[in-house]
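# Commentary on secondary and tertiary structure
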Amino acid sequence: ITFTSNAGTITSGIVDASSRNTANGNNVNIKASDSVSAINVTTAAFLSGGSGNAGSVTISSNTGTIDIGLIDARSNRINGNGGAVTLNSAKGITVATDILTYADTATGNTGNAGPINLTTTNGNISANNVFSSTLTGSGNAGNAGKITATATQRDITLGNVHSGAYVLGTGTAGDGGNIALKAGDHITVSGRVDSTTFGTVSQGTPGSIDLSANRLS
């Protein structure tokens, strides 16, 4: 699914490119010269008993803001990978609830989580939960995704930021993802920043956590 505006804004309701059967989720690409807003953007691969990957989400605004209610690019299929999320805006990024690129399943192996990259040159970045982890109840968990947020001149405000790999029962966990938040002024994280890894058989390497700003809270 592709939306393009060369001379204005893009405003949408729910953009649903998800899969609820054995197929992969579809990719969503939104590009506007001005602002982009949508209620939800979903490219997830929801549980259907088979394997399947989530699609990617790529949104860019050349001169305006990005304002989305929810971005869901997770996979809860066996061996399924989460989709990559890339948001790039001149004047700020707001996700009212969550950005989800994790891979999880109740039993069996997971794939890898999708990376998350948020960039704004002259605005704030705000979201609630940012999850790029892998989790299985029993089996092997893949690698978590890298989370990067850069607000070159202003602030980053987030809830929980998770990029870990976890096995609750018997199995091997992959690597945690690196987390890098860089703000020109202030970084606020109200919850937890986590890039750990845990497996009962063996586990990979935890990801690094790098927070860079004039003020941290």
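The structure this text deals with has already been given above.
All values derive from a computational prediction rather than experimental measurement.

Broken down by element type, the protein carries 0 helices and 26 strands. Expected size for 217 residues packed as a compact globule is a radius of gyration near 17 Å; at 17 Å, the protein falls within 12% of this value. Taken along its principal axes, the extent of the C-alpha atoms in the protein is 50 × 40 × 20 Å. Expressed as a percentage of contacts within the protein between residues at least 6 apart in sequence, the contacts between residues at least 24 apart total 78%. Accessible area for the protein stands at about 8900 Å²; split by element, carbon and sulfur atoms hold 47% of it. Charge-centre separation for the protein: the mean point of 10 positive side chains lies 4 Å from the mean point of 11 negative side chains.

Once that is clear, we can look at the nonpolar core. Most often, soluble globular proteins keep nonpolar side chains buried together rather than apart. Among the nonpolar cores identified, the biggest contains 36 residues, and Leu 87 and Ile 156 are the most heavily contacted of them. If we ignore the near neighbours within four places in the chain, the residues touching Ile 156 are Ile 125, Ala 149, Thr 150, Ala 151, Leu 181, Lys 182, Ala 183, His 186, Ile 187 and Thr 188.

Below, the discussion takes up the pattern of salt bridges. Across all of its chains, the model carries 4 salt bridges by this definition. Notably, a salt bridge pairs Arg 20 with Asp 16, separated by 3.7 Å at the nearest N-O pair. Linking Asp 194 and Arg 192 is a salt bridge whose minimum nitrogen-to-oxygen distance equals 3.5 Å.

In a beta sheet, neighbouring strands are held together by backbone hydrogen bonds and run either parallel or antiparallel to one another. Spatially, the 4 strands line up as an open sheet ordered 10-14-18-23, and their pairing is parallel. The open sheet is flanked by strand 10 (103–105) and strand 23 (197–198), the only strands paired with a single partner.

Attention now goes to the sheet that holds strand 1 (residues 2–5). Taken in spatial order, the 8 strands of this open sheet run 1-3-5-7-11-15-20-25, and their pairing is parallel. A single partner strand is all that each edge strand has here, and the edge strands are strand 1 and strand 25 (209–212). The average angle at which neighbouring strand axes cross in this sheet is 0°, direction not considered. In the sheet, strand 7 (residues 85–89) pairs with strand 11 (residues 116–120) via 5 bridges, with the strands oriented parallel. Within the sheet, the bridge partner assigned to Thr 86 lies in strand 11 and is Asn 117.

The next point concerns the environment of Leu 158. Along the chain, Leu 158 turns up in strand 16 (residues 156–158). Leu 158 gets classed as buried once you look at its relative accessible area, which sits at 4%. Measuring from C-alpha to C-alpha, the distance between Leu 158 and Asn 129 comes to 6.8 Å, with 29 residues separating the pair along the chain. In this structure Leu 158 touches Ala 127, Asn 128, Val 130, Leu 181, Thr 188, Val 189 and Ser 190, once residues within four positions along its chain are discounted.

Positive phi values are uncommon outside glycine, yet Asn 79 reaches one of about 65°. On the secondary structure map, Asn 79 appears in the loop between strand 6 (66–72) and strand 7.

Here strand 20 (residues 179–183) shows one buried face, formed by Ile 179, Leu 181 and Ala 183, and one open face, formed by Ala 180 and Lys 182. In the sheet, strand 20 pairs with strand 25 via 4 bridges, with the strands oriented parallel. If you follow Ile 179 over to strand 25, its bridge partner there is Ile 209.

A surface patch of nonpolar side chains, about 250 Å² in accessible area, is lined by Ile 209, Leu 211 and Leu 216. Its place among the elements puts Leu 211 in strand 25. Exposure remark for Leu 211: the relative accessible area of 32% places this residue in the partly exposed category.

Position of Phe 198 relative to the elements: it lies in strand 23. The exposure class of Phe 198 is partly exposed, given its relative accessible area of 44%. For Phe 198 and Ser 132, which are 66 residues apart along the polypeptide, the C-alpha to C-alpha distance reads 15 Å.

Attention now goes to the side chain of Ser 60. Locating Ser 60 in the fold gives a position in strand 5 (residues 57–61). On the basis of relative accessible area, Ser 60 is assigned to the buried category, the value being 19%. When residues no more than four places from it in sequence are discounted, the contact partners of Ser 60 are Ile 30, Lys 31, Ala 32, Val 36, Ile 66 and Asn 88.

Thresholds applied
Residues numbered from 1 in each chain as written. Predicted model: local features only at pLDDT ≥ 70, side-chain atom pairs only at ≥ 80, totals over all residues. Heavy atoms only, no water. Helix = DSSP H or I, 4+ residues; strand = E, 2+ residues; numbered from the N terminus. Rg over C-alpha atoms; globule rule 2.2 N^0.38 Å. Contact = heavy atoms within 4.5 Å. Areas by Shrake-Rupley, 256 points an atom, 1.4 Å probe, with all protein chains shown as cover. Lys, Arg positive; Asp, Glu negative; His and termini not counted. Charge placed at Lys NZ, Arg CZ, Asp CG, Glu CD. Core = buried A, V, L, I, M, F, W, Y, C linked by side-chain atoms within 4.5 Å. Buried < 20%, exposed > 50% of the residue type's maximum accessible area, 1.4 Å probe, protein only. Salt bridge = Lys/Arg side-chain N within 4 Å of Asp/Glu carboxyl O. Pairing = 2+ DSSP bridges. Axes fitted to C-alpha atoms, helices over the stretch in contact; angles between N-to-C directions. Patch = residues over 30% accessible without salt bridge, like charges linked within 9 Å, V, L, I, M, F, W, Y side chains within 5 Å.

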